[in-house]
Every structure is written in C-alpha cells, then in structure tokens.
Amino acid sequence: MTKPTKRPPAGLPDKDTLVAFLREAGSAEKTDIARHFGLKGGDRRALREMIRELEAEGRLGKRGRKGFTEAGALPPVGVADVVERDADGEFYVRLVEAGADAPRAILMPDRTKVGPAPGLGDRLLVKFLRAEDGWEARMIKKLDVGSNRVLGVIRKSARETRVEPVDRRSKDVLLVPQAQSGDLRDGDLVLAAVEKGDQRYGPKRGKILEHIGKEDDPRAASLIAIHAHSIPTGFSEAVEREAEDQALPTLKGREDLREVPFITIDPADARDHDDAVYAARDEDSKNEGGWIVWVAIADVAAYVRPNSALDREARDKGNSTYFPDRVEPMLPEVLSNGLCSLKEGENRACMAVRMVFDKDGRKTGHRFVRGLMRSHAKLSYEQAQAAIDGQTDDATGPIMDAILYPLWNAYHTMLKGRLKRSPLQIESAERRIRMAPDGGIASIEKRASLEAHRLIEEMMIQANVCAAETLEQKKTPLIYRVHDAPSQEKIFNLADFLSTIGKPWNKGEPRTTKRFNKLLDETRDGDHADVVNEVVLRTQMQAIYSPDNVGHFGLNLDRYAHFTSPIRRYSDLIVHRGLIRALNLGKDGLTDREIAELPAIAEGVTMTERRSMAAERDAMDRYIAAFLEDRVGATFTGRITGVTRFGLFIRLDETGADGLVPVSTLGSEYFTHDDRAHALVGERTGKRFTLGRNVEVRLQEATPVTGGLVFEMLSEPEARDPNAPAPRYGVRGRGGDGPPMRGKNRPGGPKPRNGSKPSGGLKGVRKGKRK
C-alpha cells in the first residue's frame, strides 16, 4: 500500500475523508485504516459500520479478501492478467487481486519495448492511468514463468544454425552453437533457452534443451501447443503405481443402484464415460405429470484421495486437455479409461443424484447417494438421436420404451423450466477436425447440434445446481462456477455498435439474459444475425471458479457448481469431496486443509482451464493452416469478425478458419479505425469495411508452424455512411500529394507480422461442461 504523506488528526473520519484516504493509498484493510486514523474501541466499531454503508452506497469496493478501495479505482502500479480481447482486437487487463466487478483497463501498445507482445492469459506488471473514457494500462514487464525459453524450428545454413520461434508474436530468433547443432536437422522442433549475457546486437545466443519432433510431423500442431503452453504431460512413476494399486468397487458403504437402467450418451470417439442418466415417471400421486431423473457420476474421490500423489498431480494438471489427435488426461488411463469410466455392463462406483421435477419442469427436490451402478448401454449422441428420430439399431431398439422415450419425455418437461429461466441463447458454431489414419487431416466440418446434446447438457446443469444447493444447505464451503453479468462498459460498447445497425439498446436498462435473448431473436433471421451473435458473445464476462458466489449470469442461475466431470476436472473432484463430507458418505471427503486452500485451488483451476483452452485453440489454428497450405491462391467466402487499426480479421465460411487482411494491403487509400462503428474507413472517400460484413478473400499465406493465415481482400468497401462526417481529405489524397504514408512511418505504427491473427472466442464445449 502507498502511505499518504500527511497523517490526519486521530479520530473517526467522515465518509469523504475515508474515501480520499483510500484513493491515495490505493487499497487498505480495516486494521490499516484504523491504525492510520488512530482509532480504538468504539471508533473501530463505528468504522466498520461506515465501511458497510459506503459499500452499500457503491462508493467502496473490495480488493483481495480483506482490502477495500475506492469503487472503480485502480492502483498506480499492479500485477494484472490479460483477460480478454474485444471485437476490435484490443487487449484488456484486470488486476489479479481485484474482484470480478473491478474495472478492466485497455492495454495500450508500447512500441519502444522489444520482445514478444503480451497475449491472452499473460500476467503483467503494469502502470494504470485514468483516461477520459475509462482506465488504460501500460506494460512495465511480463511476469510469465519460463519466459527465457523459446519453442522453435531449426533453420540450418552453411555458416550457422538458428532457432526460429513458432510463436508468431515472438522476435527471439536464437543462434545455436555449432557444438550443439551437429545432430539437428533443418525443420526439427526444439525447446531452447536464451543464454544470459551482455550481447547487444545480432541474434541472441541459445542452447537446446529438448528435441521435440519434426516441423512436418502431422502431430506437430498439438506437440507445439503442449510445449508452448506448458501443458503437463505424462505421469510420475509414483502416480502410475498408485493408480494401478486400486481395487474394484464393492457395495460396502454404497447404495445398490445396479438395477437402475442407467445409460451413457457421449461423443462417438469418447474414451472416458463420467456420467450416466436415467428417467422415469414419478408415481407419487401428488406429482402428477412429474418425472424422476437420475444422474450418476464416476466416484473419482474413491480413488484419488486428498494429498496423495494422484491428488497432487491432478491438482497440478487441473483438467484434461483435448486435441484433435490426442488427449493429455488429468488422471492416468488405468483410472480415466478404466475404474472411473462408467463402462457398459461393469460395476462402477458412483456419486448419484435423484432429482424430482413437476409437470412444469420445476425441480421440487433431490437427494445424493454414494452408490454402485452398472451402465446398461453405451450410446453416441448421433446414435441416440437417430433412434428418437425413428432409426433404431441393435443397441437402441431394445431400450426405446424403457429408457430412451422416458429420457426424452423427462427432458421435454425439464425444458419448460429452462425456457422460463431463459438462459443466454448464444449460438456457437463449433468446428471438428477429423484425423486421417496416417495422422493427417481428413476434413474440417461443423459439429452438428442435436437435441441429444441439449438433453445431456440440461440434465448435467441440474445436477450441478443440486450440488451447489446441498453444499450451501449443509454450510460446507465449495468452489462455485461463477459467471458475472457484463460490465457497464461492455454494455455501452454493445449499445454503440447496435446503433450503427439501427437496433436500439437503452444503456440504462437492466442487464438480463432475457434482454439479450430478445435482441438475438429479433436479429436471428436478418442480415446481421452472425455479427450480433458474435458481439453479444464478446460482451459476456469469462466464467471462473471461485469460493465466493456471484451466480451464473449465462445460465441465469443463483448458484452453480461443477459436479459432473471429476475424471477430467479437478474442480468437480473438490465438489465431490465436499458432498462426501457434508452428507457423511465416507472418510475421504473434503479436508480442513483443503477448505483453507479453496481460494488458491479456485484460482489454480481457473488458470489451468484457460491454459488448456488456449492450447486447444492454438492447435486447432495450426491444424487448419496445415489443411489450407495446399490451397494458397484459392478464393474463399467469409465474414469480417474483427476490425483493428492494423487490419481485418476474417473467418472463412468453409472451415471456420481465422486469418488477417493487413490494412497495408487494402489499396492506395489510407484507412483509419472507427472503434465506435467497428469499421475501417477510407480517409479520402469515406468507404468502409465493417464488422460482420460478408466478403470474398484470396489466401495469400498459410503457415502451419505458427497457425497464421494471411488473406487478400477481393471485395470492394461499402459506400460512405451518409450520416458520417465528410472525408478528411479530397479525392486526390493528402493535399493532392498521392497516397498517405504506410508501414513503419504511418500513424499507428508498423503493421503486424504476417500470420498475426486473433485468439478465438468462447467455443461450444462438449455437454456444456465449461459453462
């Protein structure tokens, strides 16, 4: 904390003096405030009451667990995470110790600094400055662990060997000593370290730490993503031994659920099955038209016990990471694909919840049991959907009346409650890469959205709600899955954009999912449907894990916890242990030590989730670039999904691939960035390229090792907005002296390196598991 230079007279301050002190100090805890003002006894009690009143008035906010700060204020210097990128490609940071309601700050580019530019997920030391329209942050330095390491490709010449980084943001080309380069070949993927020294000119010196593979290996995309994002791989010998030294489950301490005809419904290529479902009509005469819905989840807590080697490594991994060609699992295969997988016809330990719904889809009760179950069928989503649509097979035909029809009828009843709740109805087109037997890419296709997906998703959501409700009722601490409402700043930006397409949005109206859904419904069949969907998506906050509950805005739920995927999410394992403790279901429940560490665990699993999402996204980009490499020169249709000072981001209709049209290639006219209209506007003519517009582009470059795609714009810009100010220059350009400056010397600085492209937005996730 920065201490004020002048100490006030002792005594209880008034509210304005207290707020002024916090403004100058940055933040302070109650004891610091009391000490500063010399308060004792009754004055300290009065101070606590004053702080509560200022919080209720919205003049004070929380900083960390115990600190207070002026509402909406940021310290002069702080540690911040790069948390999001907006539709214009600008990065935003949020103070690490701040709450979810703390203001974010736009990260201003600093062209004087050398080295990799910051990206999503990076942790930075920044200087905060208050601007007219919000907060700005200027990077002092990156705080990333291992920033002296470079993942790159060997490039050999007759005189030297270099390592060229695969990260398109990095400029750290390394020169490798000849003594280390003898066994290396051109195109080898390596992990290298930057050698420390006083070298001021030329390439930095480096040493090879690890030989990873070959640049042209079909698996290179996932290998690069794993190493670039430091995804933990494999398991220690101690963990493998501990996983193998597990016994088959018995009925001891468990309820026998083997006669309940559970089934699993998963992707066709799923290797682990962590959830099973069953539904039947409620025979209670007081609940006519109601349903009983069972959800059974693998009892991972029975095998992964607190502070064991398995537990420590699972916590370090945080979650499983999925790539098109492989999985880096959170648990060893003997558990994830063995004892913890709810395999058809085999006894499995489970945590199950029995939920009761009335005829209107309202949940009226639930109870948890620790049981022993046996899956009666293993179906894929496509298989289950085909059966409901009238195309049964040997697996689905015999279970239609007893299992599948009741499941669907129960879901349609639950759907009534979901529609009343009105969760956010954003549509996200998820792409799937199909791998060929030789490791190459067979195809890239849009993943179908089936009612079978939505059935499982809704049943999992309700089970997660039950877990949070039970733990709250039993006063057992837990990790919530929280999703805060959009910030006022984001709402203002949304309203500004909607005004450019003639859709009114009152900036002062309440932020509700129903209001967003109304907008999406009004534009769903119009020309702006895709771009409105995209902008609404980017208006949302990121979901995180937290021991403090703020609800889940997107699902429109007051309380929500992840319970349904303990095989591949550590957060869910913690919730299972909490239920075991709260309901006295065994001695392997949540420990006092874990309860004390819940804030750190929540922060850790949030970080590992984002790490995995970034790695999965990067691997997808590289696979798509490899798939398109042979089509350089081809033309494609696509949509402008981002508008920045340095160019236009394009998403192709055919593959969902994202790439860049650099502003320097848009012709002789100088285009400026209109952030309010989300457009690049020609200074001479006023012609525009706007967010959401459908365009035709030619693929100029595809670089698989970086995942970079560069396009040439073939479509002409739109006509000038008649309501916009007149063009700044005459038709002959700047003063009639020809085209304006470009490249390094033009306003706005140098254009980005070829291959620059944005990180993807939120993606649809199997069974809504990341909601």
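Residues numbered from 1 in each chain as written. Predicted model: local features only at pLDDT ≥ 70, side-chain atom pairs only at ≥ 80, totals over all residues. Heavy atoms only, no water.

**Concerning the overall build of the protein**
Worth spelling out the cut-off: Numbering of helices and strands runs from the N terminus, with a helix taken as a DSSP run of H or I at least four residues long and a strand as a DSSP run of E at least two residues long. Only protein chains enter the accessibility calculation, which uses a 1.4 Å probe. A residue is then buried if its area is under 20% of the maximum for its type, exposed if over 50%, and partly exposed in between. In what follows, residue pairs with any heavy atoms lying within 4.5 Å of each other are defined as contacts. Note on areas: Shrake-Rupley with a 1.4 Å probe; residue coverage comes only from the protein chains shown.
Scanning the protein from terminus to terminus reveals 17 helices and 34 strands. Buried residues in the protein amount to 51% of all 771 residues. Long-range contacts, defined here as pairs at least 24 residues apart, represent 68% of the contacts in the protein between residues at least 6 apart. Accessible surface, the protein: about 35700 Å² in total, of which carbon and sulfur atoms supply 47%.

**Some points on the sheet that holds strand 5 (residues 91-95)**
Test applied: DSSP bridges decide pairing: two strands pair if at least two such bridges lie between them. Here an angle of 0 to 180 degrees is reported between the N-to-C directions of two axes, which are lines fitted to C-alpha atoms, with helices fitted over the stretch in contact.
Strand order in the closed barrel made by the five strands is 4-5-6-8-7, with mixed pairing throughout. Strand after strand, the sheet turns through a mean of 55 degrees between neighbouring axes, direction not considered. Direction of pairing for strand 5 relative to strand 6 (residues 105-108): antiparallel, over a ladder of two bridges. Residue pairing for strand 6: Tyr92 is matched across the bridge by Ile106.

**Considerations on helix 7 (residues 309-317)**
Within helix 7 the residues assigned to the buried category are Ala309, Leu310, Asp311, Glu313, Ala314 and Lys317. One or two steps after helix 7, the chain reaches Gly318, where phi turns positive at roughly 80 degrees.

**Re unusual backbone geometry**
The backbone of Asn556 sits at a positive phi, close to 55 degrees, despite the residue not being glycine. Locating Asn556 in the fold gives a position in the loop between strand 26 (544-546) and helix 15 (570-582). With a phi angle near 55 degrees, Asn584 is a residue other than glycine that sits in the positive phi range.

**Considering the sheet that holds strand 32 (residues 688-690)**
With antiparallel pairing, the three strands of this open sheet are ordered in space as 30-31-32. Two strands bound the open sheet, and with one partner strand each, they are strand 30 (671-674) and strand 32. If you compare each strand with its neighbour and ignore which way they point, the axes differ by 20 degrees on average. For strand 30 and strand 31 (residues 679-682), the ladder comprises four bridges, and the chain directions are antiparallel. Paired with Thr672 across the strands is Val681, a residue of strand 31.

**Here we look at a negative patch on the surface**
The test is simple: Patch rule: a residue counts if its relative accessible area is over 30% and it has no salt bridge; like charges are joined within 9 Å, and nonpolar side chains (Val, Leu, Ile, Met, Phe, Trp, Tyr) within 5 Å. The term salt bridge refers to a side-chain nitrogen of Lys or Arg lying within 4 Å of a carboxyl oxygen of Asp or Glu. Think of it this way: Lys and Arg go in the positive column, Asp and Glu in the negative one, and His and the chain ends go nowhere. For this purpose, a charge sits on NZ of Lys, CZ of Arg, CG of Asp or CD of Glu.
Together, Glu132, Asp133, Asp674 and Asp675 make up a negatively charged patch on the protein surface. Mapped onto the fold, Asp133 is located in the loop between strand 7 (123-131) and strand 8 (134-142).

**A closer look at the packing of helix 11 (residues 451-473) against helix 15**
Heads up, the condition is: Angle categories: roughly parallel below 35 degrees, roughly antiparallel above 145, roughly perpendicular from 65 to 115, and oblique for all the rest. Helix crossings get a hand from a simple test, with the near helix turned counterclockwise from the far one by less than a right angle marking a left-handed crossing and a clockwise turn marking a right-handed one. When residues are grouped by polarity, Ala, Val, Leu, Ile, Met, Phe, Trp, Tyr, Cys and Pro land in nonpolar, Asp, Glu, Lys and Arg in charged, and all others, Gly among them, in polar.
At a minimum axis separation of 10 Å, helix 11 and helix 15 run at an interaxial angle of 45 degrees. When the interaxial angle is binned, helix 11 and helix 15 end up oblique. Two packed elements cross with a definite hand, and for helix 11 against helix 15 that hand is left-handed. Only Val575, Gly578, Leu579 and Ala582 of helix 15 make contact with helix 11, whose side of the interface consists of Ala467, Thr470 and Leu471. Classifying every residue of the contact of helix 11 with helix 15 by side-chain character gives five nonpolar, two polar and no charged.

**Here we look at helix 12 (residues 488-500)**
Our working definition: By definition here, a helix of n residues has an expected span of 1.5 Å times n minus one.
Compared with an ideal rise of 1.5 Å per residue, which puts 13 residues at 18 Å, helix 12 spans 19 Å between its outermost C-alpha atoms and is within 8% of the ideal. If you check which residues of helix 12 are buried, you get Lys490, Ile491, Leu494, Ala495, Asp496, Phe497 and Leu498. Directly after helix 12, the chain includes Gly502, whose backbone phi takes a positive value near 75 degrees.

**What to know about the packing of aromatic side chains**
Put simply, the test is: Aromatic pairs are defined between Phe, Tyr and Trp rings, using the six-membered ring for Trp, whenever the two ring centres lie within 6.5 Å; interplanar angles under 30 degrees are classed as stacked, those over 60 as edge-to-face, and all others as tilted.
Under the counting rule described, the total for this entry stands at six aromatic pairs. Between Phe262 and Trp294, the ring centres sit 6.2 Å apart and the planes meet at 90 degrees, which makes this aromatic pair edge-to-face. Placement of the pair is Phe262 in the loop between strand 14 (255-256) and strand 15 (264-266) and Trp294 in strand 17 (residues 291-298), with a sequence separation of 32 residues. Since its relative accessible area comes to 0%, Phe262 is described here as buried.

**Some remarks on the packing of helix 12 against helix 14 (residues 529-539)**
Running from N to C, helix 12 and helix 14 cross one another at 165 degrees; their axes reach a closest spacing of 10 Å. Between helix 12 and helix 14, the angle is such that the two are roughly antiparallel. Considering the relative orientation of helix 12 and helix 14, their crossing is right-handed. Contacts between helix 12 and helix 14 involve Lys490, Ile491, Leu494, Phe497 and Leu498 from the first element and Val531, Val532, Val535, Val536, Arg538 and Thr539 from the second. Tallied by class, the residues present in the contact of helix 12 with helix 14 amount to eight nonpolar, one polar and two charged.

**Things to note about the pattern of salt bridges**
Tallied over the full model, the rule gives 48 salt bridges. The partner of Glu346 in a salt bridge is Arg348, with the nearest N and O atoms 2.7 Å apart. Assessed through its relative accessible area of 36%, Glu346 is described here as partly exposed. Across the pair Arg688 and Glu718 runs a salt bridge whose closest N-O atoms are separated by 3.9 Å. A residue pair is termed long-range when its members are at least 10 positions apart, and Arg688 in strand 32 and Glu718 in the segment after strand 34 (708-713) qualify at 30 residues. Classification of Arg688 by relative accessible area gives buried; the value is 19%. Relative accessible area serves as the criterion here: at 25%, Glu718 is assigned to the partly exposed category.

**Describing the pairing of strand 33 (residues 694-703)**
Pairing geometry for strand 27 (residues 635-644) and strand 33, over five bridges, is antiparallel. Paired with Phe636 across the two strands is Val697, which belongs to strand 33. In the sheet, strand 33 pairs with strand 34 via six bridges, with the strands oriented antiparallel. Counterpart to Arg698 in the pairing with strand 34 is Glu712. Two successive antiparallel strands, strand 33 and strand 34, enclose a turn made up of four residues, where Gly707 displays a positive phi of approximately 80 degrees.

**Notes on the confidence of the model for the protein**
What counts, and what does not: One number per residue, pLDDT, summarises how confident the predictor is, and it ranges from 0 to 100.
Mean pLDDT over the protein works out to 84, with 86% of the residues at or above the 70 mark. Long-range and interchain partners of residues 1-9, a stretch whose pLDDT sits below 50, account for 16 contacts in this model, where long-range means more than four residues apart.

**Topic: a positive patch on the surface**
Among the surface-exposed residues, Lys30, Lys40, Arg44, Arg45 and Arg48 lie close enough to one another that they form a single positively charged patch. Element by element, the count of residues in the positive patch is highest for helix 3 (residues 42-56), at three residues. The class for Arg45 is exposed, based on a relative accessible area of 54%.

**Here's the deal with the nonpolar core**
Filter applied, for reference: Residues belong to one nonpolar core when they are buried, are Ala, Val, Leu, Ile, Met, Phe, Trp, Tyr or Cys, and are joined through side-chain atoms within 4.5 Å.
If you look at the biggest cluster of nonpolar residues, it comprises 89 residues, and the most contacted ones within it are Ile263 and Met459. In terms of residues, this core owes the most to one element, helix 11, which gives 10 residues. Within the second largest apolar cluster, 44 residues are counted, among which are Phe516, Val536, Leu680 and Val697.

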